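# Fold and geometry: a report
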Amino acid sequence: MPELPEIEAYIAALEPRVVGEPLTGLRVASFSLLKTYDPPADAAVGKKVESLSRIGKRIVFNLEEDMHLVIHLMVAGRFHWHPPGKAVPRKYGLAAFDFPEGTLLLTEAGTKRRASLHLVVGSAALDALDPGGIELSEAGTEEFKAALLAERHTLKRALTDARFISGIGGAFADEILHAARLSPLQMNTNLSDEEINRLFLAATDALERWTAIRIEETGDGFPEKVTAFHPQMAVHGKFGEPCPVCDTPVQRIVYSSRETNYCPTCQTEGRVLADRSLSRLLKDDWPASVDEL
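First, a word on what this report is: a plain description of the structure on this page. Since this is a predicted model, take the numbers as computed values, not measurements.

## Overview of the nonpolar core
- Counting 33 residues, the largest nonpolar core has Phe61, Leu69, Phe79 and Phe97 as its most contacted members.
- When contributions to this core are tallied by element, the ones reaching two or more residues are α1 (4-18), β2 (49-55), β3 (58-63), β4 (67-72), β5 (77-82), β6 (93-99), β7 (102-108) and β8 (116-121).
- The element contributing the most residues to this core is α1, with six residues.
- With sequence-adjacent residues up to four places away left out, Leu69 is seen in contact with Leu23, Leu26, Ala44, Ile59, Val60, Phe61, Leu63, Phe97, Leu117, His118 and Leu119.
- Counting residues in hydrophobic clusters, the runner-up holds 24 residues, among them Leu159, Leu199, Ala206 and Leu207.

Okay, structure coming up:
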């Protein structure tokens with residue numbers, strides 16, 4: 001799923017291409033994409049894009065007459081910039097946003113259609129789409145603490161709950177927890193004030209640093225092949241590879257379609273966390289520590 005750094009990279013690439021330009025066409029190819037009907041989607045056509053903004057992981061096209069196109073890419077949604085009039089791909093295409101200088105395609109890989117498009121009018125309707133999480137770039141330690149402890153959860157889940165903390169998904173949660181030297185399965189209510197402060201600093205640094213990396217890598221181009229993995233990441237997507245801090249092989253927990261990566265030495269005091277599926281299969285053969293790996 002594109003997280004805050006990827007969303008910011010999309011916005012940085014789109015701003016010079018669409019801000020100040022009229023939306024000359026809106027072609028919605030997937031019935032499931034459009035979540036609003038009043039006003040109709042065609043009402044946005046002809047309106048000039050005044051600015052772009054972000055609500056959590058949603059990208060907002062702020063149009064004339066206080067009209068807003070709000071797009072949530074979810075897990076597999078992606079943007080692609082093409083010359084004007086590019087056709088919407090049959091298999092993965094969801095919509096096309098036409099501008100004088102190009103067409104922005106919205107696609108979604110896989111069979112599940114989770115991406116969404118809302119067209120709303122007015123600030124109240126726009127605010128209603130905000131899940132409510134704090135922006136770490138605007139928050140202090142106490143605000144972060146309140147958001148982190150709003151409900152009792154593991155740290156991985158607490159960090160990725162958009163109702164309380166904005167913009168973080170599974171990939172950057174892994175990176176943040178590794179930098180903070182905390183277990184993804186530790187309960188948020190068990191943290192000391194020092195650990196909360198360490199986690200806050202790790203989170204703000206990771207989002208700021210990775211946003212800069214994503215934007216710099218794109219340059220004057222447009223973000224393509226946007227994935228949750230990056231070679232410079234410390235643990236996410238690095239199962240079996242050496243931790244860049246201590247050389248311990250990175251471990252993972254897989255549940256359903258979600259994966260958590262961590263370093264046992266840096267984060268769990270040498271303990272190998274039980275994988276819900278594999279540890280049940282191996283039972284007594286499941287390694288309980290780094291020494292048994």
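There is more to say after this.
## Quick look at the side chain of Thr260
- Within the fold, Thr260 resides in strand β10 (residues 258-262).
- By relative accessible area, Thr260 is classed as buried at 13%.
- Leave out the neighbours within four places in its chain, and Thr260 touches Lys156, Asp174, Pro184, Gln251, Arg252 and Ile253.

## Observations regarding the environment of Arg157
- Turning to its location among the elements, Arg157 is positioned in helix α4 (residues 155-159).
- With a relative accessible area of 49%, Arg157 lands in the partly exposed category.
- Taking the C-alpha atoms as reference points, Arg157 and Thr141, separated by 16 residues in sequence, lie 19 Å from one another.

## Section: the pattern of salt bridges
- Taken as a whole and judged by the stated rule, the model has eleven salt bridges.
- Note that Glu259 is salt-bridged to Arg252, the shortest N-O span being 3.9 Å.
- Taking relative accessible area as the criterion, Glu259 reaches 30% and is therefore assigned partly exposed.
- Under the relative-accessibility criterion, Arg252 is labelled partly exposed at 33%.
- Among the charged side chains, a network of salt bridges with common partners joins Glu8, Arg54 and Glu135.

## Overview of the sheet that holds β4
- Pairing is antiparallel across the open sheet formed by four strands, whose spatial order is β2-β3-β4-β8. In this open sheet, the two strands that pair with only one neighbour each are β2 and β8. Strand after strand, the sheet turns through a mean of 20 degrees between neighbouring axes, direction not considered.
- As paired strands, β3 and β4 are joined by six bridges and run antiparallel to one another. Bridge assignment links Asn62 to a residue of β4, and that residue is His68.

## Examining unusual backbone geometry
- Residue Pro39 follows Asp38 across a cis peptide bond; omega there is 5 degrees.
- Along the chain, Pro39 falls in the loop between β1 (25-28) and β2.
- We note that Asp66 has phi near 60 degrees; this positive angle belongs to a residue other than glycine.
- Taking relative accessible area as the criterion, Asp66 reaches 40% and is therefore assigned partly exposed.
- Here Met74, not a glycine, exhibits a phi torsion of approximately 55 degrees, which is positive.
- Positionally, Met74 belongs in the loop between β4 and β5.

## Overview of the sheet that holds β7
- Read across the open sheet, the four strands follow the order β1-β6-β7-β5; overall the sheet is antiparallel. With one partner strand each, in any of the chains shown, β1 and β5 form the two edges of the open sheet. Strand-to-strand twist in this sheet, taken as the mean axis angle between neighbours without regard to direction, amounts to 15 degrees.
- Relative to β7, β5 runs antiparallel, the two sharing six bridges. Note that in β7 the partner of His80 across the bridge is Leu105.
- Contacts from α1 reach β5, β6 and β7, with the element oriented near 35 degrees to β5.

Rules of the game
Residues numbered from 1 in each chain as written. Predicted model: local features only at pLDDT ≥ 70, side-chain atom pairs only at ≥ 80, totals over all residues. Heavy atoms only, no water. Core = buried A, V, L, I, M, F, W, Y, C linked by side-chain atoms within 4.5 Å. Buried < 20%, exposed > 50% of the residue type's maximum accessible area, 1.4 Å probe, protein only. Helix = DSSP H or I, 4+ residues; strand = E, 2+ residues; numbered from the N terminus. Contact = heavy atoms within 4.5 Å. Salt bridge = Lys/Arg side-chain N within 4 Å of Asp/Glu carboxyl O. Pairing = 2+ DSSP bridges. Axes fitted to C-alpha atoms, helices over the stretch in contact; angles between N-to-C directions.

On their own, these measurements won't tell you what the molecule is for.
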